[in-house]
Amino acid sequence: MTTLEIRDLHVNVAQTDADAEPINILKGVDLTVRSGETHAIMGPNGSGKSTLSYAIAGHPKYEVTQGSITLDGEDVLEMSVDERARAGLFLAMQYPVEVPGVSMSNFLRTAATAVRGEAPKLRTWVKEVKEAMGDLGIDPAFGERSVNEGFSGGEKKRHEILQLDLLKPKIAVLDETDSGLDVDALRVVSEGVNRYKAEEDGGILLITHYTRILKYIQPDYVHVFINGRIAESGGAELADELEAGGYDRFTKASA
Ligand SMILES: Nc1ncnc2c1ncn2[C@@H]1O[C@H](COP(=O)(O)OP(=O)(O)OP(=O)(O)O)[C@@H](O)[C@H]1O
Ligand SMILES: [Mg+2]
């Protein structure tokens, strides 16, 4: 049983112009994600959802100025990015980065070695990757391609779930993993997430704009994210309300 606990989190982001003052984006986020729970976060563009995911993952541009993040009581903010991954945190990014010159298969093996603390045995590893790729409908030829380089939007998202499948984190943050997926890919990716949920009893923080994915991956909790904080939390019915009514009720209340 794992618990990710976020308390009163305030985060500033450094501006591209290093002389400019950092901007305050997160203004007191409280959220607890436990093993086996699926939390959906929905909110307007620019409200700080990706900032929250980067703060959890430890992106250097995001400075926590107040509050805490703990994983089973351990201070996540004290951990480096790779320590966070080893501790069981995983982030599927909204915009996965391209890594020219590093093949997908090398990347996956290096990541698995880092997270597991030892290199996976080659023979079982090859089988493991092949199976995971098969489950996600990924052509084995992708193994030899540079990480995300020239991948279509949907292909990048599938590969994020491939990593989830192979790295088996305790808590997974999925930032708009459903964006840009065609209907078949949405189903395949959702099945991948549900397999992870069933097999690893993982906790999921699913950031999305669409209730479409929530038909496949049923959330236990839905949080409305407005202006750097959670404005309201509820069950799956809250997502339906947002789809029907938009964010007006919440943005007005927070203004
Ligand atoms: N380097 C930066 N310089 C200036 N502003 C930034 C920087 N990085 C992030 N921001 C701002 O922080 C705010 C929150 O961004 P964030 O990506 O967290 O939003 P989001 O909720 O994920 O939006 P979306 O739904 O569009 O993905 C935005 O207004 C964004 O412009
Ligand atoms: Mg975002």
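It should be noted that the structure appears before, not after, this text.
Residues numbered from 1 in each chain as written. Chains lettered and ligands numbered in written order. Predicted model: local features only at pLDDT ≥ 70, side-chain atom pairs only at ≥ 80, totals over all residues. Heavy atoms only, no water.

What to know about the coordination of the magnesium ion (ligand 2)
Quick note on the threshold: Coordination partners: N, O, S within 2.8 Å of the metal, 3.2 Å for Na, K and Ca; water not considered, so apparent gaps in a site are possible. Strands here mean DSSP runs of E at least two residues long; helices mean DSSP runs of H or I at least four residues long; both are numbered from the N terminus. Partly exposed describes any residue whose relative accessible area lies between the buried limit of under 20% and the exposed limit of over 50%, with all areas from a 1.4 Å probe on protein chains only and scaled to the type maximum.
Surrounding the magnesium ion (ligand 2) are the protein donor atoms Ser-50 (OG) and Gln-94 (OE1), which sit 2.0 to 2.1 Å from the metal. With Ser-50 in helix α1 (residues 49–57) and Gln-94 in the loop between β6 (89–92) and β7 (99–103), the pair connects residues that are 44 residues apart, well separated along the chain. Grouping residues by exposure puts Ser-50 and Gln-94 together as buried.

Structural notes on the site of ligand 1
Here is the rule: Any residue with at least one heavy atom within 4 Å of a molecule or strand is counted as near it. Counted as a polar contact is a pair of N or O atoms within 3.5 Å, where, for protein atoms, one must be capable of donating a hydrogen and the other of accepting one, and residues adjacent in sequence contribute only when both atoms are in side chains. Computed with the Shrake-Rupley method and a 1.4 Å probe, the accessible areas treat only the protein chains shown as cover for residues.
Near ligand 1, the surroundings consist of 16 residues, among which Gly-46, Lys-49, Ser-50, Thr-51 and His-209 are the closest. Take Lys-49: an N or O atom from its side chain is 2.7 Å from an oxygen atom of ligand 1. Within the contact set of ligand 1, an oxygen atom lies 2.6 Å away from a side-chain nitrogen or oxygen of Thr-51. The fraction of the free accessible surface of ligand 1 (650 Å²) that becomes covered by protein chains is 69%. Broken down by secondary-structure element, the contributors of at least two residues to the shell around ligand 1 are β2 (23–34) and α1. When residues of the shell around ligand 1 are assigned to their parent elements, the largest contribution, three residues, is made by α1.

Section: the environment of Leu-205
With respect to the helices, strands and loops of the structure, Leu-205 is situated in strand β10 (residues 203–207). Look at Leu-205 and you get buried, because its relative accessible area is 1%. A sequence separation of 152 residues divides Leu-205 from Ser-53, and the C-alpha atoms of the two residues are 8.9 Å apart.

Considering unusual backbone geometry
The phi torsion at Asn-148 lies on the positive side, around 65°, for a residue other than glycine. When you line up the elements, Asn-148 lands in the loop between β8 (146–147) and α5 (153–167). Positioned with a positive phi, Asn-227 is a non-glycine residue whose angle comes to about 50°. Looking at where Asn-227 falls in the secondary structure, it is placed in the loop between β11 (221–226) and β12 (229–234).

Quick notes on the pattern of salt bridges
Definition in use: Here, a salt bridge means any Lys or Arg side-chain nitrogen found within 4 Å of an Asp or Glu carboxyl oxygen.
Summed over all chains, the structure comprises 15 salt bridges. Arg-86 serves as the salt-bridge partner of Asp-82, at 3.6 Å between the closest nitrogen and oxygen. Of the two residues, Asp-82 and Arg-86 both sit in helix α2 (residues 81–87), four residues apart, roughly one turn of that helix. Between Glu-131 and Lys-127 there is a salt bridge, with the nearest N and O atoms lying 4.0 Å from each other.

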